[in-house]
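# Residue-level structural notes
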Amino acid sequence: MTPVRTGSDSDWVLADGKLTALSLLFKMIGKSIETTLDNAERLNGELNSFLSIERDHAVERAKQLDSLDDELTLKGYAIAIKDNICTKGLRTSCGSRILQNYRAHYDATAVERLNAAGAIMIGKTNMDEFAMGSSNESSAFGPAKNPWDTSRVPGGSSGGSAVAVASGVVRAALGSETGGSVRQPASLCGIYGLKPTYGRISRYGLVAFASSLDNIAIFGREASDIAKVLSVIAGRDTRDSTSADVPVPDYTANLGSDIAGRKIGVPRALFGEGLDDEVRLKVETAIENYREMGAEIVDVELPYAKYGIAVYYIIATAEASSNLARYDGVRYGFRAEDTDALRKMYFKTREEGFGAEVKRRIMLGTYVLSSGYYDAYYAKAQKVRALVKKDYQKAFESCDAILTPTSPSVAFRIGEKSDDPLAMYLNDVYTVSANLAGIPGISVPCGLSQEGLPIGFQLVGNFWSEAGLLNLAARYGGQFPLGAKPSLFAD
Ligand code: GLN
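Residues numbered from 1 in each chain as written. Predicted model: local features only at pLDDT ≥ 70, side-chain atom pairs only at ≥ 80, totals over all residues. Heavy atoms only, no water.

Counting its secondary structure elements, the chain contains 14 helices and 13 strands. Computed over C-alpha atoms, the radius of gyration of the chain comes to 22 Å, within 12% of the 23 Å expected from 2.2 N^0.38 for 491 residues, which places it in the range of a compact globule. Dimensions along the principal axes, computed over C-alpha positions, put the chain at roughly 75 × 70 × 45 Å. A total of 491 residues make up the chain; the buried ones form 58% of that total. Contacts in the chain between residues at least 24 apart in sequence constitute 74% of all its contacts with a sequence separation of at least 6. Total accessible area computed for the chain in this model is approximately 19200 Å², and 51% of it derives from carbon and sulfur atoms. Where the 54 positive side-chain charges of the chain centre and where its 59 negative ones centre are 3 Å apart. (Helix = DSSP H or I, 4+ residues; strand = E, 2+ residues; numbered from the N terminus. Rg over C-alpha atoms; globule rule 2.2 N^0.38 Å. Buried < 20%, exposed > 50% of the residue type's maximum accessible area, 1.4 Å probe, protein only. Contact = heavy atoms within 4.5 Å. Areas by Shrake-Rupley, 256 points an atom, 1.4 Å probe, with all protein chains shown as cover. Lys, Arg positive; Asp, Glu negative; His and termini not counted. Charge placed at Lys NZ, Arg CZ, Asp CG, Glu CD.)

Let's shift gears to the packing of aromatic side chains. Applying the stated criterion across every chain yields a total of 18 aromatic pairs. Aromatic side chains Tyr102 and Tyr332 sit 5.6 Å apart centroid to centroid with 45 degrees between the ring planes, which places their arrangement in the tilted category. One end of the pair, Tyr102, is in the loop between β4 (78-82) and α3 (109-116); the other, Tyr332, is in the loop between α8 (308-323) and α9 (342-353), with 230 residues separating them in the sequence. The buried category is assigned to Tyr102, whose relative accessible area is 14%. For the pair Tyr304 and Tyr307, a centre-to-centre distance of 5.9 Å together with 45 degrees between the ring planes defines the contact as tilted. A relative accessible area of 30% places Tyr304 in the partly exposed class. A relative accessible area of 39% means that Tyr307 is categorised as partly exposed. Aromatic ring contacts, followed pair by pair, group Tyr102, Phe130, Tyr327, Tyr332 and Phe354 into a single cluster. Sitting over the face of the ring of Phe141, Arg91 holds its NZ or CZ atom 5.3 Å from the ring centroid. The side chain of Lys417 reaches across the aromatic face of Phe412, ending 4.5 Å from its centre. (Phe/Tyr/Trp six-rings, centres within 6.5 Å; stacked < 30°, edge-to-face > 60°. Lys NZ or Arg CZ within 6 Å of the ring centre and 35° of its normal.)

Scored by pLDDT, the chain has a mean of 93; 93% of the residues are at 70 or more. Here residues 1-19 is a poorly scored stretch, pLDDT under 50, and it has 35 contacts once near neighbours within four places are set aside; other chains count. (pLDDT = per-residue confidence, 0-100.)

Below, the discussion takes up the pattern of salt bridges. Evaluation of the coordinates by the stated rule reveals 23 salt bridges. Within the structure, one salt-bridge network assembled from shared partners comprises Glu34, Asp38, Glu41 and Arg55. (Salt bridge = Lys/Arg side-chain N within 4 Å of Asp/Glu carboxyl O.)

Here we take up the nonpolar core. Counting 60 residues, the largest nonpolar core has Leu114, Leu174, Ile233, Tyr290 and Phe457 as its most contacted members. Leaving out residues up to four positions away in the same chain, Tyr290 has contacts with Ile259, Ile264, Ala295, Ile297, Leu403, Phe457, Leu459, Leu472, Ala473 and Tyr476. Of all hydrophobic cores here, the second largest spans 56 residues; its members include Cys94, Ala411, Phe412 and Ile439. (Core = buried A, V, L, I, M, F, W, Y, C linked by side-chain atoms within 4.5 Å.)

Glancing now at the sheet that holds strand β9 (residues 263-266). An order of β3-β5-β4-β6-β8-β7-β12-β13-β11-β9-β10 is seen for the 11 strands of this open sheet, with the pairing classed as mixed. Both edges of this open sheet fall to β3 (50-53) and β10 (296-299), since each of them pairs with a single strand only. Sheet twist, expressed as the mean angle between neighbouring strand axes with direction ignored, is 30 degrees. Along the sheet, helix α6 (residues 223-233) makes contact with β4, β6 (172-177), β7 (192-195), β8 (215-220) and β12 (441-448), crossing β8 at roughly 145 degrees. (Pairing = 2+ DSSP bridges. Axes fitted to C-alpha atoms, helices over the stretch in contact; angles between N-to-C directions.)

Shown next, in the form of C-alpha cells:
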C-alpha cells in the first residue's frame, strides 16, 4: 500500500490510516531529513558551506526509501557532496563561474553507490574553484566559514564538506583530494578526513583537476562514519580504468580492535621549521598517547619529503592546464557574450569564467610543459615523485603507519594568505606527499589551541591499508575524544 501525505510535511500514514513498521521507518527518515535540511538552511547564512541545498531531491529520496529494502546499509543516512562530484540533474559548479549553471547528466559512481545503499544526498558543498586552494577563498561564490570561528577559513579545497560535518548538519560528506583537500580541512575543523589509496574509489564523475593525483575522499564526524561510507563506495568500476580490482573489506568490522604492538613511524625531521609550536605540542602529545595505548613508536626518515611541495605544484598544474582546456565555451558551461570571432570567444570565456588562482595554475602548468622547460621542470618532477614514493616504501619496512601534523598551523583568518600564493601552498607541506605516492592518509582531531581552534594529526599508511588506519584513528578517538563542539553546531 502506498503511503500518502496527510497534514504536515513529515506526517506520513498509510492510506487506510494504519502505521506499519515500514511507514514508521519512513516517518523517522522523513522527519530527520526535514530536520537535517532545516539545519543546513539555517546555518548556511553564516557558514556558506552549501552551494545548493537540494530539499526536493532529498525529500523525494526519503519517500522512495520507504518502499526499499530495510537491510540497506546507509538507509536514510544524510550526506553532503562536494560540488565537483557529478549529481544527475543537479548543479555541479566546481565552485566556478564557468560551470555556474552546469547540471550534470549523470551520477558519479560514488554517488550512484551511495544512492543504492540508501543514503540521501542533501546538497552540494562549497569549494575552492576547481579544488585549487587550501582555504575555500578561491570559490566564485564566497568562502565557507569555519564553524569554530567564522572569521577564519575552514581549510580547503573541500571546505564546505568539512563545515557541513563539523557544524553537525551531516555525519559524513564526500570531498576530493589532489594534495590534501580533505585531510587539511578536516584538521582545521576538528573532524576526521580520509584520503584513500589512489584507485580505491572510482573517479568516474569527479571533475578532473590533476588526474594522476585526484581522489574522492571522505569526511566523518567519527572514524566509523568514514568506514561506513568507504565500505559502500570503494571498489573497481569499469568506467574508471585507474580504479583497482582489489577486494573491498567491511571497513567497520575491526574498528576499535587492539593496537598493541602496532608500529607508528615518526619522521622527526619534519617537525621543525614552519610548524606552529601549539600544533607541535599537541601532536607530540598524540604520539605519547599512542605509546600509552600500546603502540611502538619508531623513528623513520623521509628525505625527499621536503621536495613534495615543489614537485606537487609542478605536476598538479601541468595536469590542470591540460584538463581545464575543455572549458572553451562551446560544449558546456559559461560562454562570454559579444564576441564576433571564435578565438575571441575562447579567450573572453576563459578570461571571464575562471578566477585568478585557476588562471595562475593554467599558466604555470602550460609553462612547465612547454618545449624547452619540459625536461627541466615536468620530467624532473616526475623523477622526484618516484623518489618520494620510494621513501615511503622504505619507511613502511619498519612501521605500519607514519604520524605527522596534518597542517602546520590552526585555521588562519579569512584574507590572511589570499594575496600570497606561496604562503597558501605551504599549508600543504604535510599532505601532498601521500598524493604523490598514491598512498592513503587520515587526519584525526587531537585537541584545541589556546584560542579554541582544532588541531589534527595525520596517519599515512601503505597501499590498501585503510582498514588499519581507520582502526588507529578510531582507537585514538575512543580514548581521547575531542569532546568539544564548534560554536555553530546543529544539534
Ligand atoms: N591545496 C592544494 C592545492 O591547492 C590541494 C588541493 C586539493 O587537494 N584539491 O592544489
